[in-house]
Amino acid sequence: MIRLSKSYVGEDEAKAVREVLLDGYLGMGKVVGEFEEILEAYFGRPAVCVSTGTAALQLSLQAIGLKPGDEVLVPALTYLASFQAITAAGCKPVACDVDPQTLFIDINDARKRLTTKTKAIMPVFYASSIGALDELSLFAKKNKLRIIEDAAHAFGSRYKSELIGSFGDISCFSFDGIKNITSGEGGCIVSDDDQFIKRVKDLRLLGIQNDSVNRLNGARSWHFDVVEQGWRYHMSNIMASIGITQFHKKTFMFSKRQKLAQHYDEILKHNPDIKLLSLNYREIVPHIYVVQIKNLLDRPKVRKRMLDKGIETGLHYLPNNYLTKFKSDSDPHLPITDNVWPQLLSLPLHPELEIKDIDTVCKHLLECLAN
Ligand SMILES: *Cc1c(COP(=O)(O)O)cnc(C)c1O
């Protein structure tokens, strides 16, 4: 069976977890502090570790001071987590269309959806596709919007040679089991806005002011104040020990992902029915490998046939505006999303695959499409 995605973990992670278990302090303590220091050195700015990527997005929205009813521009074509994080923060996700070439949020479409309540924009680095980020930044500045990057797919990726997370307004990463690096579950928030960082640090620990400092020293606060709704969204030492181990393996894992994606491109680019995302794999580290298949009439059948050959495929993503919770009374009119989504197919990508596996996947896919 060729799996769609898979955690790349083994003895090293097991050893790290064992050390934490035997040390006996499982919750948020000095190992989380170590992981945060490693991430801060990597990005060159403060990083706050939390329980999931979804928590990173939710806390970020709260910590920029959004109020109930405020609107956040977000592409419809994203994981459900982006939308649920926005409503969890009491805000309204405003579904936007994507650019047909990059599947990155279409800024011209987003512009049409601005209202007096629009306070933030959440670009999603879909398959690590990092579209017109400069243009997005100008658009945000002009309209006084905060930018919360859903960089869940993009850990290790670069834009014009600069590391994602090292230069934006706010970047949110996910370390769930199958992302570019994992901490079991987990996520982090990176920003150079000190006030904001201070606030997310409190919010992840039930809103207890300055508790982060005590926790990282293996202590806790007994006398404290709380001024707003907070959450139990911190990272644990167990998770951080996995994250640190993974961080040190990232060179291998990233170059493997890049190499496999490049190989897919090489083989599939000759097929007239397949449209590639055409990403620069020298700059980006892909979490998923997605192709667009023109004239794809029966996607379930293709997926079934691939599965019969022992190959898993995936669908990233069902547009969120199709879901009952996020349906609006009026059709949001997202022609590119509506057109592209039924043609998308995600092919296996994870660091345990080899070039020969990619050859096998492509061979069966091309056979399927030929019939
Ligand atoms: C994985 C993911 C998230 C959420 O991360 P979790 O750690 O799973 O909560 C958010 N957005 C996108 C696009 C993702 O792929």
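The structure we're discussing is the one just above.
S.K.: Any details on the environment of T182? Residues and values, ideally.
M.R.: Within the secondary structure, T182 sits in the loop between β8 (170-174) and β9 (187-191). Given a relative accessible area of 3%, T182 falls into the buried group. A polar contact of 2.9 Å, which involves the side chain of T182, links it to the backbone oxygen of F175. In this structure the side chain of T182 is engaged in a polar contact, spanning 3.0 Å, whose partner is the backbone oxygen of D176.

S.K.: If you had to explain a nonpolar patch on the surface to someone new, which residues and values would you point to?
M.R.: A surface patch of nonpolar side chains, amounting to about 300 Å² of accessible area, comprises L21, L22 and L26. In this structure, L26 sits in the loop between α1 (11-23) and α2 (30-43).

S.K.: Go over the pattern of salt bridges with me, naming the residues and quoting the values.
M.R.: Under the defined criterion, the tally for this structure stands at 19 salt bridges. We note a salt bridge from K269 to E266, for which the minimum N-O separation is 3.2 Å. Residue K269 is classed as partly exposed on the basis of its relative accessible area of 46%. What emerges from the salt-bridge pattern is a single network uniting D12, E13 and K249.

S.K.: How would you explain the sheet that holds strand β10 (residues 274-276) if you had to name every residue and give the values?
M.R.: An order of β10-β11-β12 is seen for the three strands of this open sheet, with the pairing classed as antiparallel. Each edge of the sheet is formed by a strand with only one pairing partner; in this case those strands are β10 and β12 (344-347). Ignoring strand direction, the axes of neighbouring strands in this sheet form an average angle of 35 degrees. Pairing of β10 with strand β11 (residues 289-293) involves three bridges; the strand directions are antiparallel. When the bridges of β11 are listed, L276 appears paired with V291. Sheet strands touched by helix α10 (residues 250-268): β10, β11 and β12. Its angle to β11, the strand with the most contacts, is close to 20 degrees.

S.K.: Could you give an account of the sheet that holds β9, naming the residues involved and the relevant values?
M.R.: Taken in spatial order, the seven strands line up as β1-β9-β8-β5-β4-β2-β3 in an open sheet, and their pairing is mixed. Here the strands that pair on one side only, and so sit at the sheet edges, are β1 (47-50) and β3 (92-96). Averaged over all pairs of adjacent strands, the angle between strand axes in this sheet comes to 25 degrees, irrespective of strand direction. With respect to the sheet, α2 is in contact with β1, β8 and β9, its orientation differing from that of β1 by roughly 140 degrees. Lying on the sheet, helix α6 (residues 133-142) is in contact with β2 (71-75), β4 (118-121) and β5 (146-150); it crosses β5 at an angle near 145 degrees.

S.K.: Go over the side chain of K249, please, and point to the residues and values.
M.R.: On the secondary structure map, K249 appears in the loop between α9 (237-247) and α10. Judged by its relative accessible area of 19%, K249 is buried. Aside from chain neighbours lying at most four places away, what touches K249 is Y8, G10, D12 and E13.

S.K.: Describe the nonpolar core, and please don't skip the residues or the numbers.
M.R.: With 85 residues, the main nonpolar core has L39, I121, L268, Y289 and L365 as its most contacted residues. What L39 contacts, discounting residues up to four positions off in sequence, is A47, C49, F155, F175, C188 and F247. Listed in part, the 32 residues of the second largest apolar core include V50, V74, I148 and I197.

S.K.: Residues and numbers for the packing of aromatic side chains, please.
M.R.: Applying the stated criterion to the full structure yields 17 aromatic pairs. Pairing W231 with Y233 gives two aromatic rings, centres 5.5 Å apart and planes at 15 degrees, and the pair type is stacked. Residue class for Y233 comes out buried when judged on its relative accessible area of 18%. One aromatic cluster is present, built from ring pairs that chain together F35, Y42, F43, F155, F173, F175, F247 and F254. When the ring centre of F247 is taken as origin, the NZ or CZ atom of K250, which lies over that ring, is 4.0 Å away. Here R299 stacks its cationic end above the ring of W341, 4.2 Å away from the centre of that ring.

S.K.: Quick one: what's the story with the site of the ligand, residue by residue and with numbers?
M.R.: The ligand sits among 16 residues. The nearest are G53, T54, D150, S174 and K179. Separating an oxygen atom of the ligand from a side-chain N or O atom of K179 is a distance of 3.0 Å. Within the side chain of Y317, one N or O atom sits 3.3 Å away from an oxygen atom of the ligand. About the coverage of the ligand: the protein hides 94% of its 380 Å² of free accessible area. Mapped by element, the contributors of at least two residues to the shell around the ligand are α3 (53-63) and α4 (80-88). The class makeup of the residues in the shell around the ligand is five nonpolar, eight polar and three charged.

S.K.: Please provide a residue-by-residue account of the packing of α3 against helix α7 (residues 194-203), values included.
M.R.: Axis separation between α3 and α7 bottoms out at 9 Å; the angle between their running directions is 125 degrees. Our classification of the angle between α3 and α7 gives oblique. In this structure, α3 meets α7 at a crossing whose hand is right-handed. Counting all contacts with α3, which are made through L59, S60, Q62 and A63, the residues of α7 involved are F196, R199, V200 and L203.

Cut-off values and rules
Residues numbered from 1 in each chain as written. Predicted model: local features only at pLDDT ≥ 70, side-chain atom pairs only at ≥ 80, totals over all residues. Heavy atoms only, no water. Helix = DSSP H or I, 4+ residues; strand = E, 2+ residues; numbered from the N terminus. Buried < 20%, exposed > 50% of the residue type's maximum accessible area, 1.4 Å probe, protein only. Polar contact = N/O pair within 3.5 Å; in protein donor to acceptor, adjacent residues only side chain to side chain. Patch = residues over 30% accessible without salt bridge, like charges linked within 9 Å, V, L, I, M, F, W, Y side chains within 5 Å. Areas by Shrake-Rupley, 256 points an atom, 1.4 Å probe, with all protein chains shown as cover. Salt bridge = Lys/Arg side-chain N within 4 Å of Asp/Glu carboxyl O. Pairing = 2+ DSSP bridges. Axes fitted to C-alpha atoms, helices over the stretch in contact; angles between N-to-C directions. Contact = heavy atoms within 4.5 Å. Core = buried A, V, L, I, M, F, W, Y, C linked by side-chain atoms within 4.5 Å. Phe/Tyr/Trp six-rings, centres within 6.5 Å; stacked < 30°, edge-to-face > 60°. Lys NZ or Arg CZ within 6 Å of the ring centre and 35° of its normal. Near = heavy atom within 4 Å. Nonpolar A, V, L, I, M, F, W, Y, C, P; charged D, E, K, R; others polar. Parallel < 35°, antiparallel > 145°, perpendicular 65-115°, else oblique. Left-handed = near helix turned anticlockwise from the far one by under 90°.

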